[in-house]
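One-letter residues, chain by chain:
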Amino acid sequence: MQTLTNRAKVLEQKPLTFMERLYLPNIAKGMAITFSHMFKKRPTINYPEQTRPFSPVFRGLHILNRDEEGRERCTACGLCAVACPAEAITMEAAERKSNEEHLYREEKYAARYEINMLRCIFCGLCEEACPKDAIYLSETFAPANFTRQSFIYGKPDLLIPDPKSQPDEFRMAQGRLEAHKANVKAAKNDQ
Amino acid sequence: MMLAVDFALMLEKFLLIVVIIMGSLVIAMYATYAERKVAGILQDRRGPNRAGPFGLLQPVADGVKLFMKEEIIPLTSSKWLFILGPCLAMVTAMMTSAVIPWGSKIEIAGRTVDLQIADINIGVLYIFGVVSMGVYGIMIGGWASNNKFSLIAAVRGASQIISYELAMGLSLIALLMLTGSLSMKTIVEQQVSSGIWNVLLQPLGFLIFLICAFAECNRTPFDLPEAENELNFGYHQEYSSMKLGFYLFAEYINMFISSAVMATLYFGGYDIPFVNEANLAQSWGENLVTVLGSVTLLLKVAFFLFFFMWVRWTIPRFRYDQLMDLGWKKLIPLALANMLITGAVILWLNK
Amino acid sequence: MSITEILFWFLTALALLSALMVVFSKNPVHSVLWLIAVFFAISGHYIILNAQFLAIVNLIVYAGAIMVLFLFVIMLMNLNAETEPQKNRWLWWAGTIAGGSLMLVIIAALKNTENQMAQIKGGDIGLIQNLGKVLFNDYVLPFEISSVLFLSAMVGAVVIGKKD
């Protein structure tokens, strides 16, 4: 048979030599190899206690951002829902009342904001589409659950902690967000 | 009525039996843990480390899990034999421990106690007999399951054990020609007093015995009766709950016992290497030396257990025709030659 | 009754019961298993006679090897009620008569063994040393001939295996 390339290697099947037929020398060699692995470094980590660092552009569960005064940034413009290729995002807009200025930054806000995490493909297009810096993909996995209903995340699940009532949690989440933004920017600049 | 029995002796033997059986159960339990840990370490993993410190409670967790599982007896199985199978496997695995000398004498309250359940003068043959009974656990269980995979596994297991028993017996005959006794105690005492372990006199015999021990325990590379990729699980495919547990457990007890037999027959039993026990006993006292000897025996057993696991995670499974080739065409002629040469050398030296 | 006697009667009852079950079991696999129980009971008798070697060899050879082969064959043949052939009535009678005759012969042979039974009570005759001495002093020739027979059978088995 003519070969297309000269890389093909002819497989030789020689009859076993006496030493090979004895099995034992080769078994000893194999045992030495496995024994040497006892002293090798183990790549396994104790997962829940130790975690590996995520890649800078990792895209996990979404969070809805707040500004420094703890007001929701989302104005329910619907760009994210339009951008979403999996049609995972739905929302309902509402008008801000006069006594709600400390809650919502703009005059319009999302009364209902839902993401179906089973539909979501974690592409991050919503994050790119958002003009108000309101939605971000965090570094959290979607946890397992028993019902489909529980994978539809509403506003209470998505909103970042309030900086006024829960300052510590907010700072942590904010810190991770800032790091995430920086990472994404760096990754984009690299391209 | 002549029912007068030495009650102290009975109590002593009863306690000894309880201690040895509990001991081998615990060791078998931790052998399952050690197996997974060794497998993990040899494969650059960590092994079980969740239950308790270093995962030390893992065997307990496994046992509880097996107990909690539903007990299933297939409708088309023959019920009594289905239950008898795992019982036989367990009983035959435990019975061998009766003739192994676990230590020399110990003195408790002026009574000398032999650390051996029964020093019968056919000890080696007894082990042989019990091992040959071990087939029935597999065969009966496999047949009673009324499942083709189980049946094939049962047949495989039986023919494998019968084939390797021959080579095992022949390799033992060479050893017995050297010792001139079938009693395990005598064999150990000879090694203790001379300081020369039988493995030095019978290296080939030991090798054959070792290979056969692997085959008799159904351990890799000879674990064809439970070959997962060909027979799903082999003879214990239909089993669930503790009956499955018994089968799995019996394998580890078999491993432990055959390690103990190898240590006793070929590696001096409770002989402490490079030490003269008689001198030591005079300065340190008899009891302490006995305990040290038993610890030495357990260390030897632990080494063999590790060796069993080490081989399991190194060597792939034999094909069935290769297995039979090795048994009948290689080991038996080799064992026969070993026997003849040993006999000739003994005759020549005696002249 | 001493312990030995209790054991003797227990083992005898076990042996007879198991032997009857061998005959009456419908399933051949059960028959084989009962036969193994018979061998165990007989080995128990040997141990009572202080013939440990015989007892254990009986177990190794018969229960451990030959019966395994029996079981092996029967399991693979998959015998059950549907495949069982119609038995001839005459065959049934012939079997009964032949079995009865064999039993008569055995009883006649055992009737005159009273004297020797008394000797066995002495004890050590079945121990391995005595057995070895008898075999290698009084019966060297037949023993060696039979061992050569066994060896040639084993070599024959290996040769058959080698011929591919």
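Placed above this text is the structure.
First, a word on what this report is: a plain description of the structure on this page.

**Structural notes on the overall build of chain A**
Then comes step 1: A count of helical and extended segments in chain A gives 6 helices and 5 strands.
Then comes step 2: Along chain A, helices and strands appear, N-terminal first, in the series α-α-β-α-β-β-α-β-β-α-α.
Then comes step 3: The C-alpha atoms of chain A give a radius of gyration of 27 Å, which is well past the 16 Å a tight globule of 191 residues would have.
Then comes step 4: Across its three principal axes, chain A shows a C-alpha extent of roughly 95 × 45 × 40 Å.
Then comes step 5: The 191 residues of chain A split such that 30% are buried.

**Considering helix α2 (residues 58-68) of chain B**
All names here are of chain B.
Then comes step 1: Those residues of α2 lying buried are Gln58, Pro59 and Leu66. For α2, the angular spread of the buried residues around the axis is 100°, confining them to a single face. Those residues of α2 that are exposed and angled more than 90 degrees off the buried face are Phe67 and Met68.

**Details of the interface of chain B and chain A**
Then comes step 1: Each side of the interface is counted separately: chain B has 17 residues, and chain A has 18 residues.
Then comes step 2: A combined buried area of about 1600 Å² lies between chain B and chain A, and 62% of that area is made up of carbon and sulfur atoms.
Then comes step 3: If you look at where chain B meets chain A, you find 1 salt bridge.
Then comes step 4: Among the ionic pairs, B:Arg50 bridges to A:Glu49, the shortest N-O distance being 3.1 Å.
Then comes step 5: Where chain B touches chain A, the interface holds 8 residue pairs in polar contact (both at pLDDT 80 or more).
Then comes step 6: Mapped by element, the contributors of at least two residues to the side of chain B that touches chain A are α1 (7-42) and α12 (286-312) of chain B.
Then comes step 7: Of the residues that constitute the side of chain B that touches chain A, the class distribution is 11 nonpolar, 2 polar and 4 charged.

**Regarding the nonpolar core**
Then comes step 1: By size, the foremost hydrophobic cluster in this structure holds 122 residues, and its most contacted members are B:Tyr164, B:Phe222, B:Leu265 and B:Tyr266.
Then comes step 2: Top element by residues in this core is helix α10 (residues 241-266) of chain B. It accounts for 16 residues.
Then comes step 3: The residues touching B:Tyr164, leaving out its near neighbours within four places in the chain, are B:Ile211, B:Cys212, B:Ala215, B:Glu216, B:Phe222, B:Leu323, B:Leu326, B:Gly327 and B:Leu331.
Then comes step 4: Grouped together as the second largest cluster of nonpolar side chains are 23 residues, A:Ile115, A:Met117, A:Cys120 and A:Phe151 included.

**Overview of the packing of aromatic side chains**
All names here are of chain B.
Then comes step 1: Applying the stated criterion across every chain yields a total of 27 aromatic pairs over all chains.
Then comes step 2: Ring centres of Phe206 and Phe267 lie 5.1 Å apart, and the angle between their planes is 70°; this geometry places the pair in the edge-to-face category. Residue Phe206 is found in helix α8 (residues 203-216), and its partner Phe267 is found in the loop between α10 and α11 (277-284); the two are separated by 61 residues along the sequence. Assigned by exposure class, Phe206 and Phe267 land together as buried.
Then comes step 3: Sitting over the ring of Trp80, Lys79 keeps its end group 5.6 Å from the ring centre.

What counts as what
Residues numbered from 1 in each chain as written. Chains lettered and ligands numbered in written order. Predicted model: local features only at pLDDT ≥ 70, side-chain atom pairs only at ≥ 80, totals over all residues. Heavy atoms only, no water. Helix = DSSP H or I, 4+ residues; strand = E, 2+ residues; numbered from the N terminus. Rg over C-alpha atoms; globule rule 2.2 N^0.38 Å. Buried < 20%, exposed > 50% of the residue type's maximum accessible area, 1.4 Å probe, protein only. Arc of directions from axis to C-beta. Contact = heavy atoms within 4.5 Å. Buried area = accessible area lost by both parts, 1.4 Å probe. Salt bridge = Lys/Arg side-chain N within 4 Å of Asp/Glu carboxyl O. Polar contact = N/O pair within 3.5 Å; in protein donor to acceptor, adjacent residues only side chain to side chain. Nonpolar A, V, L, I, M, F, W, Y, C, P; charged D, E, K, R; others polar. Core = buried A, V, L, I, M, F, W, Y, C linked by side-chain atoms within 4.5 Å. Phe/Tyr/Trp six-rings, centres within 6.5 Å; stacked < 30°, edge-to-face > 60°. Lys NZ or Arg CZ within 6 Å of the ring centre and 35° of its normal.

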